[in-house]
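# Report on the structure
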Amino acid sequence: MTTYKGVGVYAGRVIGPVLQMPKPIEEPKDGLRLSGETAEAAAQRIKDASVRVKEDLLARAEHASRDGKATSQMATDRALIKSAIKLVETQEMAPERAIWEAATSFADQMTALGGYMAERVTDIHDVRARIVAELTGQQAPGIPVSEEPFILAAIDLAPADTATLDPEKVIALITSDGGPQAHTAILARGLGLPAIVAAKGVTDIADGTIVYVDSNEGIVDTEPTDA
């Protein structure tokens, strides 16, 4: 049995299977160009990927604790998609690099506007990563989807992750980073979920492993006993 020690931020005891948050999508290589496809085909792939991301976000929002519909609309934003396609057509940029650059430009503009618009930058980054994942065949970022309740393990949770967190499925949170005042801790308290933060090593637990989470004591055990 392996025991991980962290800081409990909301009291509770839970036993269940672990699911890991997918690793963050890495930025496509700078200067990546079209290879083996026409600009027209690449442009269509961007359009198709954005629609699939929108549909996925809408489906997740149906069962989420918070409204994720606004984020889903960003995935098919006409200006965003048009900007990415222009990079493909004028610079022969690979579609994943084009959407990354277009979304990054949009995020910079929103940051400059400040206020509410600046607060939506994390949503733009989330949409950017999801479209790139669709285009490259990677697993999309965000809360895993499961038919059964599970314990979510992650490095930490970003504000954008909360839009797709279903508290009926996520029965506890365990993170390797963060602290008592981090977003994960605030989220756990708001939803009433047992949670442990700063438990180094929990991101190494294999998906499906049954663990015991005791956030009163701040421990995660990988082989819970009958007791």
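Further up the page is the structure itself.
A quick note: this is a predicted structure, and the numbers were derived from the prediction, not measured.

Quick notes on the rules
- Residues take numbers from 1 onward in each chain, read along the sequence in its written order.
- In view of the model being predicted, local features appear only for residues whose pLDDT reaches at least 70, and side-chain atom pairs are presented and counted only at 80 or more, with totals across whole chains, interfaces and linings using the full set of residues.
- For the side-chain quantities, the full set of heavy atoms in the structure was used; hydrogens and water were omitted.
- In this scheme, strands are said to pair when DSSP sees at least two bridges between them.
- Think of it this way: any DSSP run of H or I at least four residues long counts as a helix, any run of E at least two long counts as a strand, and we number them from the N terminus.
- Axis definition: a line fitted to C-alpha atoms, over the contacting stretch in the case of helices. Angles run 0 to 180 degrees between N-to-C directions.
- Definitions used for this entry: grid spacing 1 Å over protein atoms alone; cavity, a set of points where a 1.4 Å probe fits but cannot get out; pocket, an open set with protein on both sides within 12 Å along at least 5 of 7 lines; lining residue, one with an atom within 4 Å of a point.
- Grid points are joined across faces, edges and corners, and a volume is the space filled by probe spheres set on the points.
- Residue classes follow a fixed rule: Ala, Val, Leu, Ile, Met, Phe, Trp, Tyr, Cys and Pro count as nonpolar, while Asp, Glu, Lys and Arg count as charged, and any other residue, Gly among them, counts as polar.
- Helices are assigned an expected span. That span is 1.5 Å times one less than the residue count.
- Three exposure classes are used, based on accessible area relative to the maximum for each residue type with a 1.4 Å probe and protein chains only: buried under 20%, partly exposed in between, and exposed over 50%.
- Note: the arc covers the axis-to-C-beta directions of the helix.
- For the purposes of these results, a polar contact is taken to be a pair of N or O atoms within 3.5 Å, where, inside protein, one atom must be able to donate a hydrogen and its partner to accept one; residues adjacent in sequence count only when each atom of the pair is a side-chain atom.

## Quick word on the sheet that holds strand β7 (residues 210-214)
Strand order in this open sheet of eight strands is β1-β8-β7-β3-β4-β5-β6-β2, and the pairing throughout is mixed. Edge positions in the sheet fall to β1 (3-5) and β2 (7-10), since each of these pairs with one other strand and no more. When strand polarity is set aside, the average angle formed by the axes of neighbouring strands in this sheet is 30°. Looking at chain direction, strand β3 (residues 13-20) and β7 are connected through five bridges and run antiparallel. In the sheet register, Arg 13 faces β7, and the bridge partner there is Asp 214.

## Re the layout of surface pockets
In this structure, the largest pocket occupies an estimated 550 Å³ of space. Residue lining of the largest pocket: 22 residues in total, with Pro 22, Pro 24, Pro 141, Ala 158 and Asp 161 positioned closest to the centre. When residues of the lining of the largest pocket are traced back to their parent elements, those giving at least two are α6 (121-136) and β4 (150-154). Considered class by class, the residues forming the lining of the largest pocket number 12 nonpolar, five polar and five charged.

## Remarks on helix α3 (residues 78-91)
For α3, built from 14 residues, the straight-helix expectation of 20 Å at 1.5 Å per residue is met to within 8% by its first-to-last C-alpha distance of 20 Å. Along α3, the residues classified as buried are Leu 80, Ile 81, Ala 84, Ile 85, Leu 87 and Val 88. Angularly, the buried residues of α3 cover 150° about the axis, an arc narrow enough to put them on a single face. With respect to the buried face of α3, the exposed residues turned more than 90 degrees away are Arg 78, Lys 82, Lys 86, Glu 89 and Thr 90. The opening residue of α3, the one whose side-chain oxygen lies 3.1 Å from the backbone nitrogen of Ala 79, is Asp 77. One or two positions beyond α3, positive phi appears at Glu 92, with a value near 55°.

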